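Structural overview for review
Here is what each chain is made of, one letter per residue.
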Amino acid sequence: MGKVIAVSGKGGAGKTLVSTLIVCELVKASAGSVLAIDADPDANLADSLGVTVEKTIGDLREEMSGGLPQGVEKRNYLEAKAFEITVESDGFDLISMGRPEGSGCYCALNHMLREVIDATTNAYDYTVIDAEAGLEHLSRRTTQNVDLMLVVTDASKKGLNTAKRVKDLARELEIGFSDIGLVLNRISRGNQNEFRVHAKESSIPVYAEIPQDSNVAEFDLKGKPLSSLPDESPARIAVEKLLERIK
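In short, a report on the structure.

About the thresholds
- Residues numbered from 1 in each chain as written.
- Predicted model: local features only at pLDDT ≥ 70, side-chain atom pairs only at ≥ 80, totals over all residues.
- Heavy atoms only, no water.
- Pairing = 2+ DSSP bridges.
- Helix = DSSP H or I, 4+ residues; strand = E, 2+ residues; numbered from the N terminus.
- Contact = heavy atoms within 4.5 Å.
- Axes fitted to C-alpha atoms, helices over the stretch in contact; angles between N-to-C directions.
- Core = buried A, V, L, I, M, F, W, Y, C linked by side-chain atoms within 4.5 Å.
- Buried < 20%, exposed > 50% of the residue type's maximum accessible area, 1.4 Å probe, protein only.
- Parallel < 35°, antiparallel > 145°, perpendicular 65-115°, else oblique.
- Left-handed = near helix turned anticlockwise from the far one by under 90°.
- Nonpolar A, V, L, I, M, F, W, Y, C, P; charged D, E, K, R; others polar.

Quick look at the sheet that holds strand S3 (residues 87-88)
What holds strands together in a sheet is hydrogen bonding between their backbones, with the strands either parallel or antiparallel. Here eight strands make up an open sheet; going across it, the order is S3-S4-S2-S5-S1-S6-S7-S8 and the pairing mixed. The sheet is open, and its two borders are formed by S3 and strand S8 (206-211), each paired with just one other strand. Bridge analysis of strand S7 (residues 177-187) against S8 gives five bridges, and the strand direction is parallel. Looking across to S8, one finds that Leu182 is bridged to Val206. Strands in contact with helix H8 (residues 192-201) are strand S6 (146-153), S7 and S8; relative to S7, the strand with the most contacts, it is inclined by about 160 degrees.

Structure follows, in structure tokens:
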């Protein structure tokens, strides 16, 4: 079985940045086969990785809403259909959750996302899940059976509170992670010491500290994929060090 890494946190904390750079560094290190899963309906991971998605899990669910062919088991059918929505890129594959048709609830879509994750992750050495912002991915159990839960927080009380709630809610719902770690994003000399003090209060070990990186802001502003950040980018160097710890 491969290793499953989920990246969570509040909206805007930097989940997609961290997910993107983990994928890139795994590919760069030739660590094995890599699957990236965009489990956030806001769907920014593909753009961040510089790939185009044509079909999503949302599309697959619409196709299957009329029922399965007679005599076909759902898991087998799902495994076969998952290949149709998988984007093959240079060194990694990508599956995107997408959105439901119309204004319907995301519950059924999240259930199918869970089934796709269960059906596909064993085929890869590493799976990196860019989780939905907040805590919904826990209550919907789209991030169960995860080896490592990385909780990304920016230098805000809200971000650190979300990190603590992820740990507490996972315990309440009896969702087991083999490991959980905190990623401190956008650290600067001005907030470094206070940031570390508050992070310690969360009782989650700090796995990485990502400095404030002007390259990230520039790429975001210009709409350039974060996967093309230069090797000397402080954010990229920090995630490279993170990978040495979690591989």
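From this point, the discussion proceeds with the structure in view.
Re the nonpolar core
In this structure, Ile22, Leu49, Leu94 and Leu150 are the most contacted members of the largest nonpolar core, which totals 38 residues. When residues in this core are grouped by element, the largest group, seven residues, is from helix H1 (residues 15-28). What Leu49 contacts, discounting residues up to four positions off in sequence, is Thr20, Val23, Cys24, Ala36, Phe92, Pro225 and Ser227. Ile57, Ala163, Leu182 and Leu184 belong to the second-largest nonpolar core, a separate cluster that totals 33 residues.

Some details on the packing of H1 against helix H10 (residues 234-246)
Put simply, H1 and H10 touch, their axes get as near as 9 Å, and they point 65 degrees apart. Overall, the two elements H1 and H10 adopt an arrangement that is roughly perpendicular. The handedness of the crossing between H1 and H10 comes out as right-handed. Side by side, H1 and H10 meet where Leu21, Ile22, Cys24, Glu25, Leu26 and Lys28 of the first sit next to Ala235, Arg236, Val239, Glu240, Leu242 and Leu243 of the second. Class assignment for the residues of the contact of H1 with H10 results in eight nonpolar, no polar and four charged.

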